[in-house]
Amino acid sequence: MSRDYNVVGKRLKKLDGFKLVTGRPAFTDDIVVPGLLYGKILPSPHAHARIKRIDTSKARALPGVHAVLTYKDVPRVPHTTAGQMWPEPSPYDTYLLDSKVRFVGDRVAAVAAETRALAEEALRRIEVEYEVLPPVLDMEHAMDSGAPVIHDEPDSTGIHDASHNVAAYILREIGDVEEGFREADFTFEREFRTQRVQHCAIEPHVTIAWLDSDNRLVIRSSTQVPFHTRRQVAMILQIPVQRLHVIKPRIGGGFGGKQEMLLEDICGALTLATGRPVKIEYTREEEFYMARSRHPQVLRVKIGVKRDGTIVANHMKVLATTGAYGSHSSTVQGNTGSKVLPLYRAPHMKFECHVVYTNTPVAGAFRGYGCPQGFFAQESLVDEIAQELRMDPIEFRKKNIIRAGDIDELSAQLGEGKQGLPRHIRSCGLPECLERGAAAIEWERKRKAPQDPRSHLRRGVGVACSMQGSGVAGIDWASALLKMNEDGSFNLQVGASDLGTGADTVLAQIAAETLGVTLDKLVVYSSDTDFTPFDVGAYASSTTIISGGAVKKAAEGVREQILRIASKMLELPPENLTCRDNEIVTKCECEKSVSMADMALHAMYKEKVQIMDHASHFNTDSPPPFCAQFAEVEVDTETGRIRVVHLVTAVDLGVAINPMQAEGQAEGAVAQALGYALSEEMVLDGSGRMVNPGFLDYKIFTAKDMPKLTTILVETEEPLGPYGAKSVAEVPINTPAPAIANAVFHAIGVRFRQLPIRPEAVLRALREKKTHEQEASAAAAGVRATGPRRAGRH
Amino acid sequence: MKTMSVRVTINGEAKEWTIAPGDVLLDVLRREGYFGVKRGCDTGDCGACTVLLNDRAINSCLLFAAQAEGCELLTIEGVAQGDTLDPIQEAFLEHGAVQCGYCTPGMILSTKELLARRPDPTEEEVRDMLAGNYCRCTGFRKPIEAVLAAAQACRAKGPKKPARAAKAGPR
């Protein structure tokens, strides 16, 4: 694109990179806190039980144990742990500690002791008598009449139908799908299943809390949402927001797992109870079964098409489980509808979803936020339809995809917890994504390449595409504070929560571009509820567009102030001046200039003004980034192993503020998505206990497993984004799974509709296929020639 | 509580630490202020706690501190010379191989070991080596590129002192 930027669009190194490559103390736990106690939570061994009796006297009697808390010791305040805007659209169904436990790993009690060993010993000395209740483990039976009721407490609110374990219910329709199916020449209906997976940030959740010298509660935590956390902890502990100070240092990855108030409340409660600093950190095992996960879903998708491949109706029915608590239950599943179905223009669309409670680990926000499930189903079915219609899968998609100028009305119906806003598509690079991705994977050649009949290895290529959002329209907002120092440097203070995404650098690039300075002049601080202004936090792909919008506005304000003072110094009107290369220069050829540093010194000590500004920003629309992904796979027909050879991601992210970091976002998303497609699953046993809570048995993709990656940034100009930017971090996680499933079909002619696609399933399917083929050829011995395969109307 | 002392050379400095016999090396290192050594799993899977022990990359969560007696340790804090970064650190920054940075110290130390052993590694060797360092942010393309670039940069800087033959580990 023809743009004339100096800082935006450049592959610049991360501002916080130096401290990260040198291992400087920067993360939550990298501090020495005198008098620190070790906090530990007693997890429930039962999936569903009431605490009949709990005796903590032996634990309390242990020297060095400073507090043991049960439900009897803490305020009972219904709340949600979902880090969302107030009022949160998630049900208030969670308690700091409760007399009922609802999943294996639910909180029974919490202790604070001098050492980890003492804390663990204290947990062992807590005597609990449970009334074990029958659990609901299978989401497909959660709504059965007579099923045990998980949330039978009277004080929870916002639950759709507690007596049938329904946390949330969604029904939205545009047009009339039944009419649409009547208009269609063919309809296709299939069922898909997705599993429970986890974020696996390498830094597990950790929180340190202490009382400062003003008796305020300071919480230093690995969180994506410091401001929501402050508000929620204040409510739960019943102390004023004023008394809380939440600090987000460097975060060791989040991916949505830290868009959750998870340890901060209990750590704060232990600090208030002891008057001492307390740290709680999850072990990897605790992280697996006590933190959050992706909602498993069963999806039924029915699509009606015309003979020429035009989609006329799209109906998606979803059953999802949120686990024991309804964190993000309606919004994640709402996204499954609002981001997935409108990818294809269809006059008739319907989305229907039950989100049910089960006595299983709690689901929550996870990169993609409901889209990976929905796109796995839709993109698999669309591929099948193209094949049945004998159309090229790319051409079929191109024919039906949403395009610039369209208005997506389903988004208006599926807002976050309330009526949303229609989505106007102002920029759409999806056709280009499909074209450039196809070229990179050599689509034409590889789709036609014959298999080697002697080899047990089969090759195939597949495609899938998706879209996401950039912030939640009309809800997400952010602010920024920018001040100039006397040497011409700037402090940029943002509530935006860089969790390893590079947000600090991207925001600084936006500021530097606007100010006409080099990136090294920016000192970024994020985020701290005392010292940075409000931001919803890092989620919904909002930071670049929403927080970046606030930064740009603040920088424009500062630039105006700079030009005003410089105009006095240079004795020229401000409109004749501009900022460039750390100087204020004349626009014309008069060649007068003053350096930013001299101007700043003058402003501070002669003019006696602090050059600074702040700004807030929100959008009434959420411009979608688009993505097309292509997989080349090799299927071993003897072992059932699927090896991904090459994964191409072509992503329309608007303008890339920092292309190097944008590529990194896409590639990280792909790595997580490969695990989702092929290897990752939190497996529960018949009692609801996770059987593989460790990296030995829960397989994430390593450097050795990763295929060749090609990342193509397809730039478009988004009018609503700062310097034309949209978002990039979520959308590439949506479709590696369907692209792989489609490639596997191309390779061996079998469709897989359940994730992950394991070797066992591949082998079983190949055996079944062989049996079918033998039966068919036996039958065909009598009756010959059935004509070309036809798409069935069913 | 029973205590004992352990003497090590860490990042070139001789140290003597008072430890409990059951103390794990990772815990002792963090207690002694080497915060660049990260905790990710405590089970030897993720490699966030990687340090070099007598020039070999090990998971410090799997070793008793007492086993480091008499050994030479290198943590991420000892890789740069003051503010001058090691070529590996430079390459990680230059190639965008750092995102959250939590696994970065481990990756850099594993790379250090690899390049001492194999100054001109193949991509396959780099992947093998990085397989012990889990990263959930990068997708590994950029770290692999960074390691290959670092190898080239190290070679261009001329032959360094030959890597000392790895001593037998203390296990």
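Residues numbered from 1 in each chain as written. Chains lettered and ligands numbered in written order. Predicted model: local features only at pLDDT ≥ 70, side-chain atom pairs only at ≥ 80, totals over all residues.

1. Quick word on the overall build of chain B
Item 1. Summing up its helical and strand segments, chain B has five helices and five strands in all.
Item 2. In sequence order, chain B lays out its α and β elements as β-β-α-β-β-β-α-α-α-α.
Item 3. The C-alpha radius of gyration of chain B comes to 16 Å, within 12% of the 16 Å expected for a compact globule of 171 residues.
Item 4. Residue burial in chain B is summarised as follows: out of 171 residues, 53% are buried.
Item 5. For chain B, long-range pairs separated by at least 24 residues make up 62% of all intrachain contacts whose partners lie at least 6 apart in sequence. (Helix = DSSP H or I, 4+ residues; strand = E, 2+ residues; numbered from the N terminus. Rg over C-alpha atoms; globule rule 2.2 N^0.38 Å. Buried ≥ 20, exposed ≤ 12 C-beta atoms within 10 Å, placed from the backbone. Contact = placed C-beta atoms within 7 Å.)

2. Here we look at the overall build of chain A
Item 1. Per the secondary structure count, chain A includes 19 helices and 28 strands.
Item 2. In terms of principal-axis extent, the alpha carbons of chain A reach across some 100 × 80 × 50 Å.
Item 3. Within chain A, the fraction of its 794 residues that count as buried is 59%.
Item 4. At a minimum sequence separation of 6, the contacts of chain A that also span at least 24 residues come to 80%.

3. Examining helix H10 (residues 393–400) of chain A
Residue and element names in this part refer to chain A.
Item 1. Listed in full, the buried residues belonging to H10 are Pro393, Ile394, Phe396, Arg397 and Asn400. Along H10, the residues classed as buried sweep out an arc of 160° about the axis, all on the same side.
Item 2. On its buried side, H10 packs onto strand E14 (311–323), helix H9 (371–388), helix H12 (430–441), helix H13 (443–448), strand E18 (457–467) and helix H18 (736–748). (Arc of directions from axis to C-beta.)

4. Regarding the interface of chain A and chain B
The parts lose accessible area when they come together, and the size of an interface is often stated as this lost area.
Item 1. Each side of the interface is counted separately: chain A has 41 residues, and chain B has 42 residues.
Item 2. Taken together, the elements giving at least two residues each to the side of chain A that touches chain B come down to helix H1 (17–21) and helix H17 (659–678) of chain A.
Item 3. Of all the elements, H17 of chain A adds the most residues to the side of chain A that touches chain B, at eight residues.
Item 4. Per-class residue counts for the side of chain A that touches chain B are 18 nonpolar, 15 polar and eight charged. (Nonpolar A, V, L, I, M, F, W, Y, C, P; charged D, E, K, R; others polar.)

5. Some remarks on the sheet that holds strand E23 (residues 583–586) of chain A
Residues and elements named next belong to chain A.
Item 1. An order of E22-E23-E24 is seen for the three strands of this open sheet, with the pairing classed as antiparallel. Across the chains shown, the open sheet's two edge strands, defined by having one partner strand only, are strand E22 (577–580) and strand E24 (593–595). Between one strand and the next, the sheet's axes are offset by a mean angle of 20°, whatever the strand orientation.
Item 2. With four bridges joining them, E22 and E23 adopt antiparallel strand pairing. Each residue of the ladder has a partner; that of Arg580, found in E23, is Glu583.
Item 3. The strands that helix H16 (residues 596–607) touches are E23 and E24; relative to E24, the one it contacts most, it runs at about 75°. (Pairing = 2+ DSSP bridges. Axes fitted to C-alpha atoms, helices over the stretch in contact; angles between N-to-C directions.)

6. Side note on the nonpolar core
All names here are of chain A.
Item 1. Among the nonpolar cores identified, the biggest contains 301 residues, and Val111, Leu492, Leu507, Ala511, Ile740 and Val744 are the most heavily contacted of them.
Item 2. Considering each element in turn, this core owes the most residues, twelve residues, to helix H15 (residues 543–570).
Item 3. The residues touching Leu507, leaving out its near neighbours within four places in the chain, are Leu492, Val494, Ala496, Val524, Ser547, Gly548 and Val551. (Core = buried A, V, L, I, M, F, W, Y, C linked by C-beta atoms within 7 Å.)

7. As for the domain arrangement of chain A
Residues and elements named next belong to chain A.
Item 1. Its domain assignment divides chain A into domain 1 (37–133 + 202–253 + 258–290), domain 2 (297–471 + 621–760) and domain 3 (477–618).
Item 2. Contacts between domain 1 and domain 3 engage 17 residues on the former and 15 residues on the latter.
Item 3. Put simply, the parts of the chain that give the side of domain 1 that touches domain 3 at least two residues each are helix H5 (226–237) and strand E11 (244–247).
Item 4. Looking at which element gives the most residues to the side of domain 1 that touches domain 3, the answer is H5, with four residues.
Item 5. Across the side of domain 1 that touches domain 3, the residue classes tally to seven nonpolar, seven polar and three charged. (Domains from an automatic or database assignment.)

8. Some remarks on the environment of His199 of chain A
Item 1. With respect to the secondary-structure elements, His199 of chain A resides in the loop between strand E8 (186–194) and strand E9 (206–211).
Item 2. The sequence separation of His199 of chain A and Glu287 of chain A amounts to 88 residues, and the corresponding C-alpha distance is 9.8 Å.

9. Concerning the pairing of strand E1 (residues 37–43) of chain A
Residue and element names in this part refer to chain A.
Item 1. Taking burial as the measure, the seven residues of E1 include six buried ones, the bulk of the element.
Item 2. The pairing of E1 with strand E12 (residues 278–281) spans two bridges and is classified as parallel. Each bridged residue has a counterpart across the sheet, and for Leu37 the counterpart in E12 is Val278.
Item 3. In this sheet, strand E5 (residues 107–113) lies alongside E1 in antiparallel orientation, the contact comprising six bridges. By the bridge assignment, Pro43 is partnered in E5 with Arg107.

10. Considerations on the environment of Val74 of chain A
Residue and element names in this part refer to chain A.
Item 1. Relative to the assigned elements, Val74 resides in the loop between strand E3 (65–69) and strand E4 (100–101).
Item 2. With 640 residues separating them along the chain, Val74 and Val714 place their C-alpha atoms 53 Å apart.
Item 3. If we ignore the near neighbours within four places in the chain, the residues touching Val74 are Leu69, Leu96, Leu97 and Ala269.

11. Things to note about the pairing of E23 of chain A
Residue and element names in this part refer to chain A.
Item 1. Here E22 folds back onto E23, and the loop between the two strands holds two residues, one of which, Asp581, carries a positive phi near 50°.
Item 2. The pairing of E23 with E24 spans three bridges and is antiparallel. Looking across to E24, one finds that Val585 is bridged to Ser593.

12. Describing the packing of helix H2 (residues 87–94) of chain B against helix H5 (residues 141–156) of chain B
All names here are of chain B.
Item 1. As a packed pair, H2 and H5 sit with axes 8 Å apart at the nearest point and diverge in direction by 140°. In terms of orientation, H2 lies oblique with respect to H5. Crossing geometry of H2 relative to H5 is assigned as right-handed. Packed against H2, whose contacting residues are Pro87, Ile88, Ala91 and Phe92, the element H5 presents Ala146, Ala149, Ala150, Ala153 and Cys154 at the interface.
Item 2. Counted by class, the contact of H2 with H5 contains nine nonpolar, no polar and no charged residues. (Parallel < 35°, antiparallel > 145°, perpendicular 65-115°, else oblique. Left-handed = near helix turned anticlockwise from the far one by under 90°.)

13. A word on unusual backbone geometry
All names here are of chain A.
Item 1. A cis amide bond, omega -10°, links Trp86 with the succeeding residue Pro87.
Item 2. Structurally, the position occupied by Pro87 is in the loop between E3 and E4.
Item 3. A cis amide bond links Leu755 to the next residue, Pro756, at an omega of -10°.
Item 4. Here Pro756 lies in the loop between H18 and helix H19 (759–780).
Item 5. Unusually for a residue other than glycine, Cys200 sits at a positive phi of about 60°.
Item 6. Structurally, Cys200 is set in the loop between E8 and E9.
Item 7. With phi around 50°, Tyr369 is a residue other than glycine that occupies positive phi space.
Item 8. Note that Tyr369 resides in the loop between strand E15 (348–357) and H9.
Item 9. For Tyr369, a count of 29 C-beta atoms within 10 Å translates into the label buried.

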